[in-house]
Protein chains: 2
Amino acid sequence: MQIILLSGGSGQRLWPLSNEIRSKQFIKIFKSSNEEYESMLQRTLKQIRNAGKNISITVATSEYQETILKKYIDSDIKISSEPSRRDTFPCIALAAAYLYDVQKIDLNESVVVCPVDPYVDDNFFESFNLLADQISEDFPLVLMGINPTYPSEKYGYIIPTSTEKISDVKTFKEKPNQQTAQKYIDEGALWNGGVFAFKLKYILNKTQKLLGFSSYDEILKNYDSLEKISFDYAVVEHEKNIKVVRYNGEWKDVGTWNTLTEVMQSNYIGKVQADQTCENLHVINESDLPIICMGLENIIVAASPEGILISEKTSSSYIKPFVENIHQQIRFAEKSWGSFKVIDVEKGSLTIKVTLNAGHRMKYHSHEFRREIWNIIEGSGRVVIDDVEKFVKVGDIIEIPINCKHTIIADMDMKIIEVQIGESIDVEDKKVFLN
Amino acid sequence: MQIILLSGGSGQRLWPLSNEIRSKQFIKIFKSSNEEYESMLQRTLKQIRNAGKNISITVATSEYQETILKKYIDSDIKISSEPSRRDTFPCIALAAAYLYDVQKIDLNESVVVCPVDPYVDDNFFESFNLLADQISEDFPLVLMGINPTYPSEKYGYIIPTSTEKISDVKTFKEKPNQQTAQKYIDEGALWNGGVFAFKLKYILNKTQKLLGFSSYDEILKNYDSLEKISFDYAVVEHEKNIKVVRYNGEWKDVGTWNTLTEVMQSNYIGKVQADQTCENLHVINESDLPIICMGLENIIVAASPEGILISEKTSSSYIKPFVENIHQQIRFAEKSWGSFKVIDVEKGSLTIKVTLNAGHRMKYHSHEFRREIWNIIEGSGRVVIDDVEKFVKVGDIIEIPINCKHTIIADMDMKIIEVQIGESIDVEDKKVFLN
């Protein structure tokens, strides 16, 4: 069985811990068995691993998130990278074509598409086999139904023909208004859990029909101009013969601070002091500043190098327009090779702290409009400056003039204070060379 | 008339905007007429200036705060610096001896002692002349009485013999318990506003009697071993003949976040977004991180390079033990020559951003256990490295080995990223030279 794990999404709803590069599935808030914190992505991958041996995983993600993703996943997990965000149908079509054209997966292999971010029990993933077993010529599409808890306008509604665990689907309706949602619930509807099971050939046929092509190369080439459309609208709403499998365990869509804190095992992460009178307070402090909380009730506090959120819990769902108002460059990012964090911003200069993991290197590159100074504060390695390699260690300073090609190779874990100086400092000012 | 303005105090109650170096009187939270923010110290000095021409001001402060103080006061204001904190009696004795021995003030000159931090109307200071007029041989000590608003345990209580504006004092009691305080209030007691008027000779006599000496040099020499005692306990409680002048205007002891926010003219200072549902929320953001607040009521948020406080307003008075739990070095400070801010802390390295104002210089110094790298990111000036002077400008890098004497002189405003590297990095590791 092939699982396509949808791991995209922008990071606005969980600002300031998520941003363009690090979206919510990478935030480490779940306590794993060994008392370390793990992210939603790590938790989900572990659950899928535990669900069965014959499962092969492909993570469908955006190019932006590819480097951070590689840091967290084992090498046997495949990645399908979208050049841009085009919603779930193009994303699933691309991943399916990748499976067929690149990974040479058989057309009759079962594929289960699953979002990375529902917080669920292990048996959620265990039931994937049951979904796959229901796929047939007559019923080429199988969904997972979740018992709805309120008439949400956010989900698709599946109306089954029976109350059995496995049932035919009478109708499927994407995101109705509240009143209609309530009507559906009264008729016994289930939420669409975002899980879709089908044969690989099914989605490739749909892709051919809807886009006019279905090869990996063609989808990739045309990706940026594809219509933004969800799999639900493009495929599910038009499919007459669908089966649904009911899932009865815990299922939480942890897309907002309010819902996310409901599944956190500890109230405080990071440097936090809270007095005895705090109640239902969650603090996630990824900054290195100490936080003191006093007399707070039903509040979420989240702090990172990007900013600070303090919100009454239910209010936190409405954060998006406020985040959109903040026009600042990304201030921290995890990369496959380490991480960076902006530590000072001035007109004419930018200072960042770069962490480079042992064995990793930066790309060989140059800048047209800024010079850089590397202050090595930890570890040792080698720099290459205009094709000349040199050993460097703690306390060494490397000056990189404008247009000078440069890279650094970490022989052990390294930390660097990088001072960028120039009239125009822009992440786009980067020319990459092979070396 | 001589005014001794008491400007000491540690900064714990208004953490994280105050710290050991910058105590509360330096926090800029009051809107002045020209729409800029001014500090309590600036506000008070302006009010005293407006109160009369024949007033000469001496600020009594701790050595720690002397450099920041110089930044904010005019050159005609005198400073009496305590080598350590010994409570108000030694502090006032030192300042009085300084006035007599160093400033050669006449023994019959009137002295009014006043704390820097009550938030009051202009006529508070205008009434100082009235206090001074009441000083006589029979009544050598005159206090200012404040109408009490609740049976506080924090203040001294003055019980006057009449309800007149000016009255003799029947008794004075320092910090009673709540029950006794209520009894005093029922008897018509007033709060002691911390203002004391006397002739210079009066306090010098008391000093001689209590300490056995009264010269500036001797007080200074013995300062660290003097008993910590307040002026109220040492002098006022033992004085039989006191007069009190009532003050009826606004008087607020803005020593906690709760009381301080009551006198702030604007709710948000710094990068702050708050949604429509926030009520009675005050945010003072001195960090460069954006803050988003949603659905908060009766809350104070304060953020600086030291840390982040989020507190329900009345709870904020109990902050002290939490601040004491935080064991970190001071992360930012304003100095007479500019300012510094810690921007990165690692085992084995510390990175700070130094701002040096035009015309100022660092002391000529060296370090035994750390080397430093100066990355000049703004302005130009001169460095002196082991007695050799050299011009420096943006983009220059200065390496300072261990034990190397160094200083920098700013010819224009300069900003420097200073990377300190060493196994032991300590502010005490500093040898200062004359140059």
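Right above here is the structure, for reference.
Conventions used here
- For every chain, the first residue of the written sequence is number 1, and numbering continues from 1 along that sequence.
- Starting at A for chains and at 1 for ligands, labels are handed out in the order in which the entities are written.
- Local features in a predicted model are, by the rule used here, given only for residues with pLDDT of at least 70; side-chain atom pairs are given and counted only at 80 or more, and totals for whole chains, interfaces and linings are based on all residues.
- Note: side-chain values were computed over all heavy atoms of the structure, leaving out hydrogens and water.
- For this analysis, a ring pair means two rings from Phe, Tyr or Trp (six-membered ring only for Trp) whose centres lie within 6.5 Å, classed as stacked if their planes differ by under 30 degrees, edge-to-face if by over 60, and tilted for the remaining angles.
- When the NZ atom of lysine or the CZ atom of arginine is within 6 Å of a ring's centre and also within 35 degrees of its normal, the charge is said to sit over that ring.
- The copies were overlaid by least squares, fitting only the C-alpha atoms of residues that reach a pLDDT of 70 or more in each copy.
- It only takes one pair of heavy atoms within 4.5 Å for two residues to be counted as in contact.
- Here's how the labels work: a residue is buried when its accessible area is under 20% of the maximum for its type, exposed when over 50%, partly exposed in between, all with a 1.4 Å probe on protein chains only.
- Secondary structure follows DSSP: runs of H or I at least 4 residues long count as helices, runs of E at least 2 residues long count as strands, and numbering of each begins at the N terminus.
- As used here, the arc is the angular range of directions from the helix axis to the C-beta atoms.
- A pair is scored as a salt bridge if a Lys or Arg side-chain nitrogen falls within 4 Å of a carboxyl oxygen belonging to Asp or Glu.
- A pair of strands is treated as paired once DSSP finds two or more bridges between them.
- Take the accessible area each of two parts loses on contact, using a 1.4 Å probe, and add the two losses: that sum is the buried area.

Q: Hey, could you go over the packing of aromatic side chains for me, with residue numbers and the actual values?
A: Residue and element names in this part refer to chain A. All chains considered together, the criterion is met by 32 aromatic pairs over all chains. One Lys or Arg, Lys243, reaches over the ring of Phe139 and ends 4.4 Å from the middle of that ring. Looking at Lys405, its charged tip hangs above the ring of Phe433, at a distance of 5.4 Å from the centre.

Q: Account for the relation of the copies chain B and chain A, with residues named and values stated.
A: For the pair of chain copies, the relating operation is a rotation around an axis with a shift along it. Mapping chain B onto chain A calls for a screw motion: a turn of 180° about the axis and a shift of 0.0 Å along it, with 0.1 Å RMSD after fitting. Read as a symmetry element, the transformation amounts to a two-fold axis. By C-alpha distance to the rotation axis, the residue of chain B lying nearest is Ile343 of chain B, at 3.0 Å. A high fraction, 100%, of the interface residues of chain B reappear at the interface in chain A, so the copies pair face to face through one surface.

Q: So what about helix H2 (residues 63–72) of chain B? Which residues, and what values?
A: All names here are of chain B. Regarding H2, the residues found buried are Gln65, Ile68, Leu69 and Tyr72. Projected down its long axis, H2 shows its buried positions confined to an angular sector of 110°, all on one face. Against strand S2 (28–31), helix H1 (40–51), strand S4 (56–62), strand S5 (78–82) and strand S20 (332–335) lie the buried residues of H2.

Q: Now, about the pattern of salt bridges: what can you tell me, with residues and values included?
A: The full count for this structure, using the stated rule, is 42 salt bridges over all chains. Salt bridges sharing common partners tie together Asp344 and Glu346 of chain A together with Lys353, Glu378 and Lys415 of chain B.

Q: An account of the sheet that holds strand S18 (residues 297–304) of chain B is requested, with residue identities and associated values reported.
A: One open sheet accounts for six strands, arranged S15(A)-S17(A)-S19(B)-S18(B)-S16(B)-S14(B); its pairing is mixed. Unpaired on one side and paired on the other, strand S15 (272–274) of chain A together with strand S14 (268–269) of chain B mark the two borders of the sheet. The sheet contact formed by S18 of chain B and strand S19 (residues 307–312) of chain B spans six bridges and is antiparallel. When the bridges of S19 of chain B are listed, Ala302 of chain B appears paired with Leu309 of chain B.

Q: So what about the interface of chain B and chain A? Which residues, and what values?
A: At the interface, 57 residues of chain B touch 57 residues of chain A. With both chains or domains summed, chain B and chain A bury close to 4600 Å², and 63% of this area falls on carbon and sulfur atoms. Considering only the side of chain B, the residues that lose the most area to chain A are Ile292, Met294 and Ile310 of chain B, jointly responsible for 16% of the buried surface there. Along the contact surface separating chain B from chain A lie eight salt bridges. Residue Glu346 of chain A is joined to Lys415 of chain B by a salt bridge in which the shortest nitrogen-to-oxygen separation is 3.1 Å.

Q: Kindly report on the environment of Gly395 of chain B, identifying the contributing residues and their values.
A: By the secondary structure assignment, Gly395 of chain B is in the loop between strand S26 (388–393) and strand S27 (397–400). Each C-alpha atom, one on Gly395 of chain B and one on Gly379 of chain B, is 9.7 Å from the other, the two residues being 16 residues apart in sequence. Other than its neighbours up to four places away in sequence, Gly395 of chain B contacts Arg371, Ile373 and Ile421 of chain A together with Ile376 of chain B.

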